[in-house]
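# Residue-level structure breakdown
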Amino acid sequence: MHRRHLIKAFVAQGACLICAGAARATSAHWGYAGQVGPKHWAELDGKNFVCSGGTQQSPIDITKTVKADIPRIAIGWHKAIGKMVNNGHTIQINMPEGSKLTRGDRIYELIQFHFHAPSEHHVAGKSFPMEAHFVHKDTTSENLGVLGVFLTPGATNASFADLAAVFPPQPGAEMAVEVDPRGLLPASLSYWTYEGSLTTPPCTENVEWMLAKQPVEVDATHIDRFASLYPQNARPIRSANRRFILGFD
Ligand SMILES: [Zn+2]
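Residues numbered from 1 in each chain as written. Predicted model: local features only at pLDDT ≥ 70, side-chain atom pairs only at ≥ 80, totals over all residues.

Those residues of helix H5 (residues 220-229) that sit buried are His-222, Ile-223 and Phe-226. All buried residues of H5 lie within an arc of 105° about the axis, which places them on one face of the element. Facing away from the buried side of H5, by more than 90 degrees, are the exposed residues Thr-221 and Ser-228. In the core, the buried residues of H5 are packed alongside strand S5 (91-94), strand S7 (106-116), strand S9 (130-138), strand S10 (144-153), helix H4 (158-164) and strand S14 (216-218). (Buried ≥ 20, exposed ≤ 12 C-beta atoms within 10 Å, placed from the backbone. Helix = DSSP H or I, 4+ residues; strand = E, 2+ residues; numbered from the N terminus. Arc of directions from axis to C-beta. Contact = placed C-beta atoms within 7 Å.)

Spelled out as structure tokens, the structure:
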């Protein structure tokens, strides 16, 4: 018994050392607390400069919105075999080609979606227990289009339940999953939009944010399941500065 514990401890330590070495060789390790937390992201790597120096950072508090005739979102996502990864920062589902989001004359390809707890964006000063980010690449530019969906405790959501049942517990673990991301959409696709950034290093300011106004209910035990792996993976609110937040009713 003791011997087995020792071996486990040794393996864990060995894995960590390799991890730290790899992190130093590529990009600096970052996290959500302490010396690698959001306040220090810019210091960890020169590539992260805009995390501190940028003026169009995300997330923000959705307040003082401007009514505007913004284009409706059309979802062309499909059920697919994705790859669910515990990447050390969140649980992420990488999607194969073929799922698209259309907004006016822009077409975006769904690359991956992942989760934050609590929500990164706030609405009128309040956070939600979770937020899902559906990350799309604009098919004609380097811009990203990210659709954010707030998750709140309530009725069981079958799509989220299926994922929560098999969240890979260990960082680095991955598995194939059949997933229909449409199951995580609210009934209404009414949304707010603003120009922002990635909410993780390198905080690149190339994101068209679309935030669904209507939250999606998921089983509280499934929120707890995510929070048991990632109890706090939300970047603090950034200043909106002079940006407009647009929406329609
Ligand atoms: Zn995110």
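More follows now that the structure is in view.
Bringing the nonpolar core into the picture now. Ranked by internal contacts, the top residues of the largest apolar core, which has 49 residues, are Val-149, Leu-151 and Phe-226. Beyond its immediate stretch of four places on either side in the chain, Leu-151 contacts Phe-128, Pro-129, Met-130, Glu-131, Ala-132, Pro-215, Val-216, Val-218 and Ile-223. (Core = buried A, V, L, I, M, F, W, Y, C linked by C-beta atoms within 7 Å.)

Overall, the prediction assigns the chain a mean pLDDT of 90, with 88% of residues at 70 or greater. Confidence over residues 1-27 falls short of pLDDT 50; this stretch has four contacts with residues more than four positions distant or in other chains. (pLDDT = per-residue confidence, 0-100.)

Here we take up the pairing of strand S6 (residues 100-103). Successive residues of a regular strand alternate their side chains across the two faces of the sheet. Burial along S6 is one-sided: Leu-101 and Arg-103 are buried, and none of Lys-100 and Thr-102, which face the opposite way, are. As defined by bridge partners, strand S3 (residues 73-76) adjoins S6 across four bridges and the pair is classed as antiparallel. Looking at the pairing, Ile-75 lines up with Leu-101 of S6. Relative to S7, S6 runs antiparallel, the two being bridged by four bridges. What sits directly across from Arg-103, in S7, is Arg-106. Joining the antiparallel neighbours S6 and S7 is a turn of two residues, in which Gly-104 adopts a positive phi near 60°. (Pairing = 2+ DSSP bridges.)

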